[in-house]
Amino acid sequence: MRVGLYPGTFDPVTFGHIDIMRRAALLVDRLVIGVAINRDKRPLFSLEERVAMVEAEAGRLAAETGIEIVAHPFENLLIDCARDVGAAVILRGLRAVADFEYEFQMVGMNRALDDRIETVFLMAEARHQAIASKLVKEIARLGGDVSKFVSPAVRAALKAKFG
Ligand code: ADP
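This one's a predicted model, so the numbers in the text were calculated from it and none came from an experiment. (Residues numbered from 1 in each chain as written. Predicted model: local features only at pLDDT ≥ 70, side-chain atom pairs only at ≥ 80, totals over all residues. Heavy atoms only, no water.)

### Considerations on the packing of helix α1 (residues 15-24) against helix α2 (residues 47-65)
What counts here: Axis definition: a line fitted to C-alpha atoms, over the contacting stretch in the case of helices. Angles run 0 to 180 degrees between N-to-C directions. Secondary structure elements follow DSSP: runs of H or I no shorter than four residues count as helices, runs of E no shorter than two count as strands, and numbering proceeds from the N terminus. Left-handed describes a crossing in which the near helix is turned anticlockwise from the far one by less than a right angle; the clockwise case is right-handed. Working rule for contacts: check all heavy atoms of both residues, and any pair within 4.5 Å makes them a contact. Note on residue classes: Ala, Val, Leu, Ile, Met, Phe, Trp, Tyr, Cys and Pro are nonpolar, Asp, Glu, Lys and Arg are charged, and everything else, Gly too, is polar.
Axis separation between α1 and α2 bottoms out at 11 Å; the angle between their running directions is 35 degrees. Of the two possible hands of crossing, α1 and α2 adopt the one that is right-handed. Residues I18, M21 and R22 of α1 form the contact with α2, whose own contacting residues are E57, L61 and E64. Across the contact of α1 with α2, the residue classes break down as three nonpolar, no polar and three charged.

### Observations regarding unusual backbone geometry
Note the cis peptide between D11 and P12, where omega equals 0 degrees. As for its placement among the helices and strands, P12 is situated in the loop between β1 (3-8) and α1. Of note in this structure, F10 is not a glycine but carries a positive phi near 50 degrees. Following the sequence through the fold, F10 ends up in the loop between β1 and α1. Of note in this structure, N38 is not a glycine but carries a positive phi near 45 degrees.

### Examining the pattern of salt bridges
Quick note on the threshold: By definition here, a salt bridge exists when the distance from a side-chain nitrogen of Lys or Arg to a carboxyl oxygen of Asp or Glu is within 4 Å.
Across all of its chains, the model carries 15 salt bridges by this definition. Among the ionic pairs, R83 bridges to D80, the shortest N-O distance being 2.8 Å. Of the two residues, R83 and D80 are both situated in helix α3 (residues 78-84); the distance of three residues between them amounts to about one turn of the helix.

Put into structure tokens, the structure is as follows:
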């Protein structure tokens, strides 16, 4: 059974993330969504809130694809998390050139730590490519409409945060 790990901050989970999850589900038998604690990033949503939002989206996607998709909070090294969940592959989304340099370094470092775990990059469809959690939060904070970027449940959660 091929297990894939899709790690991220998911603060909050967007249609961009869900697009990548849907594509990842075509490649693996079990998809683990690694929700990073990422204290450095000072997330808007707590780890519990982010995991709950990912679980809700993953549940819908699992029903649709027939693939087991689970959320897994983690605080340790990504490569250790991959080993913990038995992942043979790490899946990441790639947006524009801006993502490339950081991802390039990460692959190099992770490969040095464990050469057996491969990283695969996926691209979202065009209308989802520009979506970034950071901008979604900014739009929601300023009272804008985020319905094209996140699910109704996440939109409600953003509304609750920003009033
Ligand atoms: P991280 O802090 O690890 O970057 P994010 O939640 O921002 O966490 O992103 C998780 C993963 O999803 C990353 O690989 C990121 O490139 C990818 N991603 C986020 N938004 C999109 C999008 N709109 N299209 C494609 N990939 C995306």
